[in-house]
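Geometric and topological summary
Residue strings, one per chain:
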Amino acid sequence: MRRWSFLSTLRVRLTVSHLIAMLVVTTVYGAIVSTLIVRNASQSLDDRLQNDFRWASTMAQQNPEGRLTWFEGDERPENNPWLSVSNSAGQIVYRTPVAIRSPVPESGWLADNADGSIAIVPNDVAPFRIVSGQANIAGQPVIIQVGRSEFFMREELVEIFFVLAFGLPLSVIVTSLAGFWLARRSLTPLERMTEHAQAITADRLDERLLVDDPRDEIGRLGNAFNALLDRLEESFRKARQFTSDVSHELRTPLTVIRSVGEVGLRGDRATTDYRTLVGSMLEEVNRLTDLVDKLLTLSRSDIGSLKPKVETVELGELADSIVSDIEVLAAEKNQTLSVERVNSALCVADAVVLRQALVNIVDNAIKYSPTNSQIRIRTFTVGGHSLFEVQDPGPGISPDLQQRIFDRFYRYDPNASKNIGVGLGLAIAKSSVEANDGELVCESVAGEGSCFRVQLPRKSSPTKPEGCR
Ligand code: ADP
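Each chain has its residues counted from 1, running along the sequence as written. Where local features are concerned, this predicted model is filtered to residues with pLDDT of at least 70; where side-chain atom pairs are given and counted, the filter is 80 or more; whole-chain, interface and lining totals use all residues. In computing side-chain values, all of the structure's heavy atoms are included and hydrogens and water are not.

Digging into the overall build of the protein
Looking only at helices and strands, the protein features nine helices and 14 strands. Rg of the C-alpha trace for the protein: 51 Å, well past the compact-globule value of 23 Å for 469 residues, more than 25% over. Overall size of the protein, expressed as C-alpha extent along the three principal axes, is 165 × 60 × 35 Å. Throughout, a contact is declared for two residues whenever any of their heavy atoms are within 4.5 Å. In the protein, once contacts between residues fewer than 6 apart in sequence are set aside, the share between residues at least 24 apart is 63%. As presented, the protein carries roughly 28,100 Å² of accessible surface, and 57% of it is formed by carbon and sulfur atoms. The way it works is that DSSP assigns letters per residue, a run of H or I at least four long becomes a helix, a run of E at least two long becomes a strand, and they are numbered from the N terminus. Restricting the calculation to C-alpha atoms gives the radius of gyration, and the globule rule supplies 2.2 Å times the number of residues raised to the power 0.38. In these tables, accessible area is a Shrake-Rupley quantity obtained with a 1.4 Å probe, and a residue counts as shielded only by the protein chains included in the view.

Focus on the domain arrangement of the protein
Once the domains are mapped, the protein shows domain 1 (10-155), domain 2 (217-302) and domain 3 (311-457). Centre-to-centre, using C-alpha coordinates, domain 2 lies 24 Å away from domain 3. Contact with domain 2, which involves eleven residues of that partner, is made by nine residues of domain 3. Per-residue buried area on domain 2 facing domain 3 is highest for Glu249, Lys294 and Leu298; these three make up 45% of the total on that side. The salt bridge definition used is simple: a Lys or Arg side-chain nitrogen within 4 Å of an Asp or Glu carboxyl oxygen. On inspection of domain 2 and its partner domain 3, the count reaches one salt bridge. Between Glu249 and Arg411 there is a salt bridge, with the nearest N and O atoms lying 2.5 Å from each other. As annotated, the domain borders come from an automatic or database domain assignment. In this description, buried area is defined as the sum, over both parts, of the accessible area (probe of 1.4 Å) that is lost when the two are combined.

Some points on the sheet that holds strand 4 (residues 92-95)
Pairs of strands are assigned from DSSP output, requiring at least two bridges between the strands. The five strands lie next to each other as 4-3-7-6-5, forming an open sheet whose pairing is antiparallel. The strands lining the two open edges of the sheet, one partner per strand, are strand 4 and strand 5 (118-121). Going from strand to strand, the sheet's axes swing by 25° on average, the running direction of each strand aside. Where strand 6 (residues 128-137) lies against strand 7 (residues 140-149), ten bridges are found, and the strand directions are antiparallel. Among the inter-strand pairings, Asn136 is bridged to a residue of strand 7, identified as Pro141. Angular values range over 0 to 180 degrees, each being the angle between N-to-C directions of two axes fitted as lines to C-alpha atoms, with helices fitted over their stretch in contact.

A look at helix 8 (residues 351-368)
Helix span, expected: 1.5 Å multiplied by one less than the number of residues in the helix. End to end, helix 8 covers 25 Å across 18 residues, agreeing with the expected 26 Å (1.5 Å per residue, within 8%). Exposure categories follow from relative accessible area, calculated using a 1.4 Å probe and restricted to protein chains: below 20% of the type maximum is buried, above 50% is exposed, and the middle band is partly exposed. In terms of burial, helix 8 is largely enclosed, as 13 of its 18 residues are buried. Two to three positions downstream of the cap, the backbone nitrogen of Val352 sits 3.0 Å from a side-chain oxygen, assigning the N-cap of helix 8 to Asp350. The term polar contact refers here to a pair of N or O atoms within 3.5 Å; inside protein, the definition further demands a hydrogen-donor-capable atom paired with an acceptor-capable atom, and it admits residues adjacent in sequence only when both atoms are side-chain atoms.

With respect to the site of the ligand
Any residue with a heavy atom lying within 4 Å of a molecule or strand is counted as near it. Around the ligand, the structure places 19 residues, and the nearest of them are Asn364, Tyr368, Asp392, Tyr412 and Leu426. At 2.7 Å from an oxygen atom of the ligand is found a side-chain nitrogen or oxygen belonging to Asn364. A distance of 3.1 Å is found between an oxygen atom of the ligand and a side-chain nitrogen or oxygen belonging to Lys367. Burial of the ligand by the surrounding chains reaches 98%, relative to a free accessible area of 520 Å². Among the secondary structure elements, those contributing two or more residues to the shell around the ligand are helix 8, helix 9 (425-435) and strand 14 (449-457). Counting residues per element, the shell around the ligand draws most heavily on helix 8, which supplies three residues.

A word on the sheet that holds strand 11 (residues 374-382)
Spatial ordering of the open sheet is given by 9-11-12-14-13, a layout of five strands whose pairing is mixed. Either end of the sheet is taken by a strand with one partner, and the two such strands are strand 9 (336-341) and strand 13 (439-445). Neighbour-to-neighbour, the strand axes of this sheet turn through a mean angle of 15°, independent of strand direction. Examined bridge by bridge, strand 13 and strand 14 share seven bridges and lie antiparallel to one another. Along strand 14, the bridge assignment pairs Cys442 with Phe452. Seen against the sheet, helix 7 (residues 315-332) touches strand 9, strand 11, strand 12 (385-392) and strand 14 and runs at an angle of roughly 175° to strand 9. Here helix 8 sits on the sheet in contact with strand 9, strand 11, strand 12, strand 13 and strand 14, set at roughly 25° to strand 12.

Brief notes about helix 7
Taking 1.5 Å as the rise per residue, helix 7 with 18 residues should run 26 Å; its terminal C-alpha atoms sit 25 Å apart, in good agreement. By definition, a residue's bend is the angle between the axes fitted to the seven residues ending there and the seven starting there. The largest bend in helix 7 comes to about 50°, at Ile326. Restricting attention to buried positions, one finds in helix 7 the residues Leu315, Gly316, Leu318, Ala319, Ile322, Val323, Ile326 and Ala330. Count one or two residues on from helix 7 and you reach Asn334, which has phi positive near 60°.

Description of the pairing of strand 4
The sheet contact formed by strand 3 (residues 82-87) and strand 4 spans three bridges and is antiparallel. Its bridge partner being in strand 4, Ser84 is matched across the sheet by Arg95. Hairpin geometry of strand 3 and strand 4 is characterised by an intervening segment of four residues between the two adjacent antiparallel strands and by a positive phi of about 95° at Gly90.

Below, the structure written as structure tokens:
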């Protein structure tokens, strides 16, 4: 089975297709060329016969006795064609030696119908063509018959057919072999790439295929494959990083719970001490639960099971409801949370999922902004989008970090205040907004505050949104 597997290779398939195409083309070409050659050869033989006839009419001589003769004393064979002349009574008045040597039995009745047409009669070696026509020479009406054998024409045709019959198949074979060689040569880099790609495993994702010429099709395929490897490597890196971050984050509260439990078991304590210990254990359990909830949300959105329940949401109303729930946190820092409902901002979204995203953003604004500051929320519609903007006077985010902040477990404390989360808030916000066909972007200038903008499809119509004010 394996021995014949090469038959299904691309190079064999290309060569066979090429061979079939060449066979069809050369057969059609051969047939057309042969037909044209036969027609032209036959036509030129007829033309020569007509010329012979005209020529024979002008070459007549009359001897002193009044008899018509041709080529008297001329021994040259080219001047002695097959020529027979008869009078109106049907008697032969002249015949060249060739005509005497090779009489054509049909010439008699052909002379009776001498209308200048050409007749083909069978002969020993090859068919014979005779033109029979009337002429008036020296006042005498005569019938002139000139003939030529098809022998030489056929001989020439056989030579041409021989060349075609051997030359065309030979050229097909030669070009097919050349095609096979060319296909093999062109596909060698592909085979090399296949072998190399087969050797790339999850542990060797940093390897890349060698691309000979990035401009040709194989080079482009190689580049596309390498780009795919880049993305795969990045995904694997993120997945590994995620697993290690998750393990780390889960370990910390678990370690705290265990040590608090161990401390509680050491010796007898007063009830209030136990209460304190259980309280701090529950605090860690809360953190743990919060973390597990966040991880569950992210993994659901990863596997696509975060199916939004579609309903009409007015972002201004949602902003008011979020502020009333969360302003207690702002109050702790003496911050003001204001909502400006510029115009009605209707969108179609899952209110619960969207709310979770917006709460994370507003919560960050409170967390990272200084005390006594003002955080402004604006909701409005521009063109086909409904927007929810959170503008804070916090420390801002430098341009190189503006994309990284959406990565899972990426966190950085700009205020060095130890008031930092696990780094999942924005990752969840982003995937929740995207699950609602929206977009979350951050515009920020380090030292001047940040603006987080959620842009969702409006319930109807188009155009671009304005930037943050
Ligand atoms: P965290 O739980 O640390 O807040 P997030 O995913 O919500 O995690 O945010 C990731 C990081 O983005 C934060 O650690 C912080 O450095 C930065 N960040 C988020 N929101 C703001 C903001 N409003 N101003 C400044 N930095 C922010």
